[in-house]
Each structure stands twice: as C-alpha cells, then as structure tokens.
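Fold and contact review
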Amino acid sequence: MKCLIIGSGGREHALAWKIAQSPEVRRLYVAPGNAGTAKIAKNIPIKADEIHSLLSFANQERIDLTVVGPETPLAMGVVNLFQKTGLPIFGPNQAAARLETSKIFAKEFMVRHRIPTAGFRIAASISEGKSILKKWGGKPAVIKVDGLAAGKGVFICDTQPEKEEALKQIFSHKIFKSAGKKALIEEKLNGEEVSLLAITDGKKYHCFPPAQDHKKIGEHDLGPNTGGMGAVAPNPFLLPSVRQQVIRDVVAKTIVGLAEEGITYQGILYAGIILTKEGPQVLEFNARFGDPETQAIIPLLKDDLFQLLLTTAQGNLLRPKPAFREGGSCCVVLASAGYPGPCRKGREISGLKTASKLKNVLVFHAGTIKEGRKALTNGGRVLNITGFGENLAQAIANAYLGVSKIHFAGAYFRRDIGQKALRFLSSA
Ligand code: AMP
Ligand code: GLY
C-alpha cells in the first residue's frame, strides 16, 4: 500500500520510521519531510498547508492512507477535502479539530459536558480583559489567544504588569492577528503536566502510554514556552487510578460529547492535563500527535502503526488495544541557539551516523535539510534524540549518549529532560 505523511518535524520522522516497518507499506511519502525522512521515504516538495496540491498528489499516486502531522492542515479542512473525494485520511475533520483550533470552543465544550478544566472568562477587547482581571483581584492568571499560535499564544501572568502586557500584545499590537481576536482569561493551576494521547475512530478509543513534555526553554522549567524541549514516556506522575479517572472524565466524555453534538472525531485526541490537588484538569486539547511526545511514545509501540491508523481512518479501530514495550523512553530536543526566537539556519550537522548506530538510540530529524551528502540545520528545533531502555534512567542515559555524539554550531539542549520524573520514581 501507499502512505503519505504530511509534515516535516520530528513527529513526522518518528511516524515515518514506524510506518516504514509495516509489511503492508510498499511506498512511503512525506510532504515536505526533512533530511531524516529522505532516508526512509520519498520527500515530496509540497508544504503542509498546500492542501489542494496534497490532494492532487494523493489522487495521482492513489495513496491508500494519508496521515496528517501538524494542526494547520487540519484547521484548513484537509480531512474534509480528502474525504469528499473518498481518499482515506487519518485525522479529525475541521469541525472536530476545533477542539484545538479554537480554545474558546474547547472551553465551552468542556463546560457543556462537565469535563474538568480551569475557570475562565472570554475577552474581546483590552477594556473587557482589564475589567475581568480587576474582578479577579491580584490572583495569577493565564491569558490565551483563541486561535492557533504555534504554542506562543499563552501568557502565564503572576503580576499586574504581566497581565497588562499580555492584553496589550494581543489587542493593541495584535501580534497574533486574527487568532487573537478573542482571548481567554483562565485561572492559573499548579501541578505536574501529562500528555495523554488517545486514538479514536469516533466511537472506540485506545490510550497510549502517558507522556510528559518539557515546554520551557530552560532547565528547571525556566524561561519562555517552546514547542517542547523533550519528553518522557510513560509519565510516572499519572498514577493508574488517576489515569482511569482521566480516561473516564476526559477522553470518554469528549468523544461521546462530540458525537452527541453530531461531530465524529477520528484521529488522535491529545489531552493536555494538569494534576492539581483538586484532581486532574484539562489545560488544552490538541487534535494530532504531540511533538515531541510522539518521538518518545512511538518507539515503545510493538504493533503495526500503519494498520492501526488505517483501520481508524476507515472508522473501525482494531481491538485489542495496541501493545507497548515495558520500560521507558526519553526524547531530548536539540535546538538552534536563539530558539524559540529567531535562529540561524544552514549550520552543518556532524555525528548523526555515530549516534544512530548506538544501541537503543534513535535519531529523529526536525528542522534539517539535505544539501548534497550533508545535513544542515533548517529551523529552531533541529533534532530529537530518543533513548529507550528497561527503565526511565536507562532511557535518559541512552538519549544523552546519543546527544553527546552530535554537533553543530550553536546547538542547545536541556540537560534535565526526565529528571523530575526520575526523582518522583525514586521517591515513590
Ligand atoms: P496550552 O497551549 O493551553 O496547553 O498552554 C501551554 C502551556 O501553558 C501548558 O502546557 C501549561 O504549561 C501552561 N498553562 C496553560 N494553561 C494553564 C493554566 N490554566 N494554569 C497553569 N498553566 C497553564
Ligand atoms: N508538545 C506539545 C504539542 O505537541 O502541542
């Protein structure tokens, strides 16, 4: 069969790596892909948001399954477009993807279905925002733009000047353009975070091992938010009894709630959960595989990913639930200096071969590009090094062994990925 993956990040390389192992897959394409996917698939020079060109390609090549990586094509309705022409595609349609593409839709949906989440108000102007915050008194608040903002539209505000600055950026400077027409003002919650990904055909679902992302640029979770600097799986903070509670109160309620509202959710439902003293609460939903969570989770999957995705896209998710290896997995992101701000591109990367020959180490490319036989940096997050092992400590050690072999000018990575989880495990 022929499979097309849309996207060019580490997530898509990890998906391609696993899908390429399926005995059913004869041809694998990635659009547009990166230097890593070029080694295991054919890269097609169509960008993820060129959804009409993607459709023409899939039609022409008679692609049996298209897998959508990032959120932008989902928001643009790529799934609706493919389904209209009868082409199988994995991912939620535009209406279902609103769980990610509109934070206000997601919040109001959670209220309608009694899914636990932080208290919130909606503001459509700076004055409305100020008056909501005034009523809230001096409490910390989280201010979020309604639409997609590549992880940059969330302001965690502990002080009054921070709150005012966030409102100014959104409503006066309009830095998020139409994504920032409305903003959510949320209660700030405290606790460990969990990314719980479920695969669903709209009725049945299976949950993957929970992961923990490391969103901040700096060690000890300091500095600005990023797309994610590393991840571990399974996430030990989610105890089995609480996991059952999250599955019942979040995953199941969301899928059933959407169905009741006439929306079939097919694809990955990613619940971003915070474990507060009062219980688990939803921080956000994503309508796709997480990045870098996928690079930690997928290497643990024993089963055929292609078959799992294909049957889901056909509306008939297979039972029994997919099997995962015991042990742990850790993904460390190598970024360019300056990330999450602007960074220089075109730096030559060395040591990739040495790292990928290591046992229990996988190298997934993100912002890389091939130039002749060389791989060059081509973005903020450049590479993802995943280590796995019999336990989390081994997985972390393997990931960092891989990292130590790779070099490029200005490479930056966090040295503490997985340390919080490890401390938690050793204190339990
Ligand atoms: P979101 O894109 O909504 O998940 O927000 C990105 C990150 O901001 C989350 O992973 C949290 O670390 C943080 N965050 C978002 N909402 C809240 C909240 N209500 N309280 C505390 N932290 C939050
Ligand atoms: N790792 C967070 C995300 O994929 O949005």
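See the structure shown above.
Please read these numbers as outputs of a predicted model, since none were measured by experiment. (Residues numbered from 1 in each chain as written. Chains lettered and ligands numbered in written order. Predicted model: local features only at pLDDT ≥ 70, side-chain atom pairs only at ≥ 80, totals over all residues. Heavy atoms only, no water.)

**A few points about the site of ligand 1**
Around ligand 1, 14 residues are found, and the nearest of them are Lys144, Glu186, Leu189, Glu193 and Glu284. Between ligand 1 and the protein, one listed contact pairs an oxygen atom with a side-chain N or O atom of Lys215 at 3.0 Å. Surface burial for ligand 1 is 93%, taken as the share of its 470 Å² of free accessible area covered by protein chains. If you list the elements that add at least two residues to the shell around ligand 1, you get strand S7 (141-145), strand S8 (154-157), strand S9 (183-187) and strand S17 (279-286). Of the residues belonging to the shell around ligand 1, the class tally is five nonpolar, one polar and eight charged. (Near = heavy atom within 4 Å. Polar contact = N/O pair within 3.5 Å; in protein donor to acceptor, adjacent residues only side chain to side chain. Areas by Shrake-Rupley, 256 points an atom, 1.4 Å probe, with all protein chains shown as cover. Helix = DSSP H or I, 4+ residues; strand = E, 2+ residues; numbered from the N terminus. Nonpolar A, V, L, I, M, F, W, Y, C, P; charged D, E, K, R; others polar.)

**Overview of the site of ligand 2**
In the vicinity of ligand 2, the contacting residues are Asp213, Gly227, Tyr270, Asn286, Arg288, Gly290, Asp291, Pro292 and Glu293. Residue Asp213 places a side-chain N or O atom 2.8 Å away from a nitrogen atom belonging to ligand 2. One of the side-chain N or O atoms of Arg288 is found 2.8 Å from an oxygen atom in ligand 2. When ligand 2 is considered free in solution it has 200 Å² of accessible area, and contact with the protein chains removes 89% of it. The residue makeup of the shell around ligand 2, split by class, is two nonpolar, three polar and four charged.

**Re the nonpolar core**
Judged by nonpolar contacts, the single largest core of 75 residues is most densely connected at Leu99, Phe285, Leu383 and Ile406. Residues contacting Ile406, with those up to four places away along its chain left out, are Leu334, Ile349, Ser350, Gly351, Leu352, Ala355, Val363, Leu383 and Ile385. (Core = buried A, V, L, I, M, F, W, Y, C linked by side-chain atoms within 4.5 Å. Buried < 20%, exposed > 50% of the residue type's maximum accessible area, 1.4 Å probe, protein only. Contact = heavy atoms within 4.5 Å.)

**Regarding the packing of aromatic side chains**
Inspection of every chain in the model, using the stated rule, returns eight aromatic pairs. Taking the centre distance of 5.6 Å and the plane angle of 65 degrees together, the rings of Phe208 and Phe324 count as edge-to-face. Residue Phe208 is found in the loop between strand S11 (205-207) and strand S12 (212-213), and its partner Phe324 is found in the loop between helix H12 (305-313) and strand S18 (328-336); the two are separated by 116 residues along the sequence. As far as the burial class goes, Phe208 and Phe324 line up, both buried. Seen from their ring centres, Tyr400 and Phe413 are 6.2 Å apart, and the 50 degrees between their planes marks the pair as tilted. Of this pair, Tyr400 sits in helix H14 (residues 392-404) while Phe413 sits in the loop between strand S23 (411-412) and helix H15 (419-427), and the two are 13 residues apart along the sequence. Cluster of aromatic residues (ring-pair linked, three or more members): Phe90, Phe208, Phe289 and Phe324. If you follow Lys139 out to its NZ or CZ, it ends over the ring of Trp136, 5.1 Å from the centre. (Phe/Tyr/Trp six-rings, centres within 6.5 Å; stacked < 30°, edge-to-face > 60°. Lys NZ or Arg CZ within 6 Å of the ring centre and 35° of its normal.)

**What about the sheet that holds strand S5 (residues 89-90)?**
Taken in spatial order, the five strands line up as S3-S2-S1-S4-S5 in an open sheet, and their pairing is parallel. Whereas interior strands pair on both sides, the edge strands pair on one side only; in this sheet they are strand S3 (42-43) and S5. Here strand S1 (residues 2-7) pairs with strand S2 (residues 27-32) via six bridges, running parallel. In the strand pairing of S2, Leu4 is matched with Tyr29. Running at roughly 165 degrees to S1, helix H1 (residues 10-19) makes contact with S1, S2 and strand S4 (65-68) of the sheet. The sheet strands contacting H12 are S1, S4 and S5, and the helix crosses S4 at an angle near 95 degrees. (Pairing = 2+ DSSP bridges. Axes fitted to C-alpha atoms, helices over the stretch in contact; angles between N-to-C directions.)

**Some details on the sheet that holds S8**
Sheet architecture is open: four strands sit in the order S6-S9-S7-S8, paired in antiparallel fashion. Looking at the sheet topology across the chains shown, the edges are occupied by strand S6 (120-123) and S8. Sheet twist, expressed as the average angle between the axes of neighbouring strands with direction ignored, equals 20 degrees. Of the strand pairs in this sheet, S7 and S8 are connected by four bridges, and their pairing is antiparallel. The residue of S8 that forms the bridge with Lys144 is Val154. Against the sheet, helix H7 (residues 103-112) engages S6, S7, S8 and S9, with an angle of about 145 degrees to S6. Relative to the sheet, helix H9 (residues 160-172) contacts S6, S7, S8 and S9, its axis offset from that of S8 by approximately 160 degrees.

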